[in-house]
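Close look at the chain arrangement
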Amino acid sequence: MTFWRNRELRQHINVIDGSVAPTIVLTNATYLNVYTNQWLEANIWIYENRIVYVGENLPEKTTGTDFYDCQGKFIVPGYIEPHAHPFQAANPEETVMYAAKTGTTTFVNDNLTWYLLLNKKKTFSIMNAFSKLPVSMFWWNRFDSQTTLKDEHVFNTRDILDWAEHPLVIQGGELTDWPSLLTGGDRLLYWIQEMKKLGKPIEGHLPGASSRTLTKMKLFGISSDHESMTAEDVFKRLELGYRVSLRYSPVRPDLPEIIKGLLDKGLSQFDNMSFTMDGPTPAFMENGMINVCIEKAAENGLPLETAYRMASYHPARHFNMEEEFGSIAPGRVANVNILGDKQNPNPESVISKGKWIKKDREAISYRSIIHWEEYDIGPLELDWSLAGEDLQFSSPIGMDMINDVIIQPYSIVSDVSADSIPPEKREQFIALVDKHGKWRVNTIIRGFAPELGALVSSFSATGDIIHIGNSKKDLRIASERMKELGGAIVLVNQGKILTEMPLPLGGVMSRNPMEEVIPMNKELKRVLQEYGYAYGDPIYSLLFLSAFHLPYFRITQQGLLDVKKREVVIPATMR
């Protein structure tokens, strides 16, 4: 991967030769050398976005150079999030710039939302715009949608290969539709092989997989997996040659127990492991991303140097970007975290791509550079309203929420023909309605927030509109309010709007700064809990309603889906 033209490389040499001044010099630095695993003393020269020198010397030419004394401070490489979902109600620009203040300066991002919002040409254009942010943004090449779509040709060979060749795309996956490989999915296998030919790894999605299945997936070319839930899961994957991301996420905060389990088993080799938050919701990432993972790992006994390497060097090596990222060394992108105490991974100052993101605990303000309207991403314009037939519920099979990820089918025995369902039944109406107004899927859900009149959300796995509630009157009120806002999550009870989260970017993302989205997310959960919601985070609950990689029963564009059989039990109804 080449980041600098020949002319720029010559200029970097001129800095060393003394004819050009470096941009920033960090003096008296004690930095972690990830190659020797030692804390060493040096002066670090940065020219524009690149580290050009690490050693005892100071530059000869210093006109305009910003000298920063690091005496008594400790420097580590910028942290890398190898498995990012930056579209969790907040928009990706706000997400990454917020996380950068706490030291996570490189992101490898899911591209699924681009498939749902934009055509390929506009997607590649907005990706190039994101590359101009003062953080490092890379992308996945998705092979499936995590659900069943009306148009199954969204993922096609021509587009997949174009994505594969894009220089900002550095991995294939995550591979949620891996069962199709076992049943003869040669098209998927072809896509995997083409990515591997380009030297780009494939990320699996293999929760609970047996050693037999993991072996088969390794033979198919899967490189890594982030779905370990126990130390035993990690060992199984490492023994078979996988790279493993240890997860601390809203739904699976497994990292502390995994670290303790690995250390209890005597593991001393962590070179093939990294950290991930696996798409934190805004409230969950209030204190940052990978810095929080380092903190949790160190609290549970992982040596600090190992934790810092897992946060930087290990993922860089996995993505074949060791020459550009993951270390404090000549030639690397200037992503640098300055710590007041090496025991504390929350940086006092952050440099990303050679620019100060935070300096002496003060965040540097940057203007937004993503102009969403240029890519036709704006408020939803829905030309339909809920009709009487949209709120007719006659399905014999309902959705029973067991926990954050498991939904089981159940036989509906209650009379659900009335305009409301008594809260003591623990049941609510649920309808997934096409955002273009062409189809709907209706049934009953048990155990979501059974005392709530209505939740209507344009935030979903597919961008279609979710309606959940025990009152048809409240569902209509919430639906109209969501439309007025151009997309939102709206909660209503007994005719009163309780809270709302506006999502005017395609109906799935906020325009607000993260500092405003976080309290919105917290309030959404707090209000839902008052009405019986008992799960980790409503953002994830809404996403998971349609996710076919989770057991056992889902509501999708095609209809109610039996996940294990991959069969539509009750098809969608045309409106």
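Along each chain, numbering runs from 1 in the same order as the chain's sequence is written. With the structure being a predicted model, the display of local features is reserved for residues of pLDDT at least 70 and the display and counting of side-chain atom pairs for 80 or more, all residues being used for whole-chain, interface and lining totals. The basis for every side-chain value is the complete set of heavy atoms in the structure, and neither hydrogens nor water enter the calculation.

Turning our eyes to something else, we now look at the overall build of the protein. Each helix and strand counted, the protein has 16 helices and 29 strands in total. By residue count, 62% of the 575 residues in the protein fall in the buried class. A fraction of 68% describes how many contacts in the protein between residues 6 or more apart in sequence connect residues 24 or more apart. Accessibility throughout is a Shrake-Rupley quantity obtained with a 1.4 Å probe, and a residue counts as covered only by protein chains that appear here. When the accessible area of the protein is evaluated, it comes to approximately 22,200 Å², of which 47% is carbon and sulfur surface. Charge counting follows a simple rule: Lys and Arg are positive, Asp and Glu are negative, and His as well as the terminal groups are ignored. Here the site of a charge means NZ on Lys, CZ on Arg, CG on Asp, or CD on Glu. The centroid of the 60 positive side-chain charges in the protein is displaced by 3 Å from the centroid of its 71 negative side-chain charges. Helix and strand definitions follow DSSP, with helices as H or I runs of at least four residues and strands as E runs of at least two, each counted in order from the N terminus. Burial status follows relative accessibility: with a 1.4 Å probe on protein chains alone, a residue under 20% of its type maximum counts as buried, one over 50% as exposed, and anything between as partly exposed. Here, residues are in contact when the closest pair of their heavy atoms is within 4.5 Å.

A word on the nonpolar core. Membership of the largest hydrophobic core comes to 142 residues, with the highest contact counts inside it found for Trp-114, Leu-246, Leu-262, Phe-275, Ile-489 and Leu-545. The biggest single contributor to this core is helix H15 (residues 514-530), with seven residues. Nonpolar cores are built from buried Ala, Val, Leu, Ile, Met, Phe, Trp, Tyr and Cys residues. Side-chain atoms within 4.5 Å join them into one set. One finds Leu-386, Ile-412, Ile-444 and Val-490 within the second-largest nonpolar core, a separate group that totals 24 residues.

A word on the side chain of Ser-457. In this structure, Ser-457 sits in strand E22 (residues 454-457). Within the local environment of Ser-457, its side chain forms a polar contact with the backbone oxygen of Phe-459, the two atoms lying 2.8 Å apart. Those residues in contact with Ser-457 that sit more than four places away from it in its chain are Asp-464, Ile-465, Ile-466, Ala-488, Ile-489 and Leu-542. The term polar contact refers here to a pair of N or O atoms within 3.5 Å; inside protein, the definition further demands a hydrogen-donor-capable atom paired with an acceptor-capable atom, and it admits residues adjacent in sequence only when both atoms are side-chain atoms.

Below, the discussion takes up helix H2 (residues 92-100). In terms of burial, H2 is largely enclosed, as eight of its nine residues are buried. Listed as buried for H2 are Pro-92, Glu-93, Thr-95, Val-96, Met-97, Tyr-98, Ala-99 and Ala-100. Where H2 starts, the residue carrying a side-chain oxygen 3.0 Å from the main-chain nitrogen of Glu-93 turns out to be Asn-91.

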